[in-house]
Amino acid sequence: MKKNRGFTLVELLVVVAIIALLVSILLPALGKARKQAKQIVCASNLHNWSIAFQAYVSDNNRLLSSYRPSGATAGPVPGHVLMAQNTEDSPWRNNINMESLSPYIEGFDLDSEQLSDVWTCPDSAINRKKLFEEWSSWKGVSNVNNIWFPVTYSYFARADEWSDFTNRPKELTGQQLSGNKLLMSDNIYRWQVTGAWWFNHGTNKSSVHDIRFGQNEFIGVPSFAGCNQMFGDGSVRWKRGSEFDFEKMNLCHPDVPQVFSWGTSPSTSAAATFW
């Protein structure tokens, strides 16, 4: 009777080597595909935001601002959003906030701990559980007008109100939506307290500037693959990492476009948002 012949050790090792080679070839391609998919979802998020802002302007004849004219955080903070609509006597009443935008775009619910995907870039290092842990202390607070929280996108509208706080005011949206003016983008933020960065599409890992909101806090010269940028006409452009000067950004050098909060000149002693 003829016996079935099994694999020899050499043949088995050859098969294992071939499988290992195929995996080594495919994994980078799969990783690149996943990153590209996240970039596309991120761009879709920004497009949804453009529709919301256009609808808001149509109903209210004005754009919300990212400028805060009083208090400890006076100045523009493009990557922060207020919790609620401000009262009529508040100097922050026209600032971007959840309550004003909720009729136009899905927001979030503190009680059920629900946060719409459109608020966060899918490649962000933000941790939603940590966000709600931070926000939970605000439940039941009667005056939430000045309570803010970080989001993964930067909003640059009404730069005409705070042109002294940026070195490139003409590139940002003023009173009206325009196809050649930046309105919103992936958040690229340097925190002056520790020098930590918030950026979404990291070449290795993404970063948050404060571990209260996520993991992977990065300090030093940043490096990311790029960012999505949305303009006033709703168009979205991917700006490659090669178009940024990372070393100058870490120094808040005046040659790189930025918004500097709590100061009227580029400086590492003030928080900065880049695009």
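Quick summary incoming for the structure in this document. As the structure is a computational prediction, the values presented were derived from the model and not from experiment. (Residues numbered from 1 in each chain as written. Predicted model: local features only at pLDDT ≥ 70, side-chain atom pairs only at ≥ 80, totals over all residues. Heavy atoms only, no water.)

So, on to the overall build of the protein. Within the protein, the secondary structure is distributed over four helices and 15 strands. Long-range contacts, defined as pairs at least 24 residues apart, comprise 60% of the intrachain contacts of the protein with a sequence gap of at least 6. (Helix = DSSP H or I, 4+ residues; strand = E, 2+ residues; numbered from the N terminus. Contact = heavy atoms within 4.5 Å.)

Our focus in this paragraph is the pattern of salt bridges. Where charged atoms from two side chains of opposite charge come close, those side chains can pair. For the coordinates displayed, the defined rule picks out nine salt bridges. Residue Asp123 is joined to Lys38 by a salt bridge in which the shortest nitrogen-to-oxygen separation is 3.7 Å. Remark: Lys38 occurs in helix α1 (residues 9-60) and Asp123 occurs in the loop between β5 (114-115) and α3 (128-135); sequence separation between them is 85 residues. Where Asp160 meets Arg158, a salt bridge forms, and the shortest distance between an N and an O atom there is 2.8 Å. For Arg158, a relative accessible area of 15% puts it in the buried group. (Salt bridge = Lys/Arg side-chain N within 4 Å of Asp/Glu carboxyl O. Buried < 20%, exposed > 50% of the residue type's maximum accessible area, 1.4 Å probe, protein only.)

The strand order β7-β8-β12-β13 describes an open sheet built from four strands, whose pairing is antiparallel. Either end of the sheet is taken by a strand with one partner, and the two such strands are β7 (153-155) and β13 (236-240). The average angle at which neighbouring strand axes cross in this sheet is 25°, direction not considered. Bridge analysis of strand β8 (residues 182-186) against strand β12 (residues 226-231) gives three bridges, and the strand direction is antiparallel. Paired with Met184 across the strands is Met230, a residue of β12. (Pairing = 2+ DSSP bridges. Axes fitted to C-alpha atoms, helices over the stretch in contact; angles between N-to-C directions.)

In this section: α3. Structurally, the α-helix is built with 3.6 residues per turn, so residues lying three or four positions apart point the same way. Among the residues making up α3, those that are buried are Leu131, Phe132 and Trp135. Relative to the axis of α3, the buried residues are bounded by an arc of 90° and lie together on one face. Buried residues along α3 sit in contact with β4 (108-109), β5 and β6 (148-150). Near the N-terminus of α3, the side chain that reaches the backbone nitrogen of Lys129, with its oxygen 3.0 Å away, is that of Asn127. (Arc of directions from axis to C-beta. Polar contact = N/O pair within 3.5 Å; in protein donor to acceptor, adjacent residues only side chain to side chain.)

With respect to the element layout, Ser154 can be found in strand β7. Assessed through its relative accessible area of 0%, Ser154 is described here as buried. Of the polar contacts made by the side chain of Ser154, one reaches the side chain of Asn187; its length is 2.5 Å. Discounting chain neighbours no more than four positions away, the residues touching Ser154 are Pro78, Gly79, Leu183, Met184, Ser185, Asp186, Asn187, Ile188 and Thr273.

As a further point, take the nonpolar core. Residues Trp49, Phe53, Phe108 and Trp135 are the most contacted members of the largest nonpolar core, which totals 41 residues. Examining the composition of this core, we find that six residues originate from one element, α1, more than from any other. Sequence-distant contacts of Phe108, that is, excluding residues within four places in its chain, are made with Met83, Met98, Gln114, Leu115, Phe132, Trp135 and Phe149. By size, the runner-up hydrophobic cluster in this structure holds twelve residues, among which are Ile188, Phe199, Phe244 and Phe246. (Core = buried A, V, L, I, M, F, W, Y, C linked by side-chain atoms within 4.5 Å.)

Attention now moves to the side chain of Asn187. Here Asn187 is to be found in the loop between β8 and β9 (189-190). Residue class for Asn187 comes out buried when judged on its relative accessible area of 3%. Excluding residues that lie within four positions of it along the chain, Asn187 makes contacts with Gly79, Val151, Thr152, Tyr153, Ser154, Trp198, Phe199, Asn200 and Thr273.

Throughout the structure, instances matching the rule amount to zero disulfides. Cysteine Cys121 remains unbridged, with the sulfur of Cys42 as its closest cysteine sulfur at 3.9 Å. (Disulfide = S-S within 2.5 Å.)

On to the packing of aromatic side chains, then. For the coordinates displayed, the defined rule picks out twelve aromatic pairs. Summarising the aromatic geometry, the rings of Phe156 and Trp275 are spaced 5.6 Å apart at their centres and angled 65° between planes, so their arrangement reads as edge-to-face. Here Trp275 lies in the segment after β15 (272-274) and Phe156 lies in the loop between β7 and β8, a separation of 119 residues in the sequence. Owing to a relative accessible area of 0%, Phe156 belongs among the buried residues under this scheme. Of the aromatic side chains, those joined through ring pairs into one cluster are Phe199, Phe218, Phe224, Phe244 and Phe246. Positioned above the aromatic ring of Phe244 is the side chain of Lys239, whose terminal nitrogen or guanidinium carbon lies 4.5 Å from the ring centre. (Phe/Tyr/Trp six-rings, centres within 6.5 Å; stacked < 30°, edge-to-face > 60°. Lys NZ or Arg CZ within 6 Å of the ring centre and 35° of its normal.)

Attention shifts here to the sheet that holds strand β11 (residues 218-219). Across the sheet, five strands lie side by side as β11-β10-β9-β15-β14; this open sheet has antiparallel pairing. The two strands at the open ends of the sheet, each matched to only one other strand, are β11 and β14 (258-260). Summarising the sheet, β14 and β15 pair through three bridges and their orientation is antiparallel. Bridged to Val259 within β15 is Thr273.

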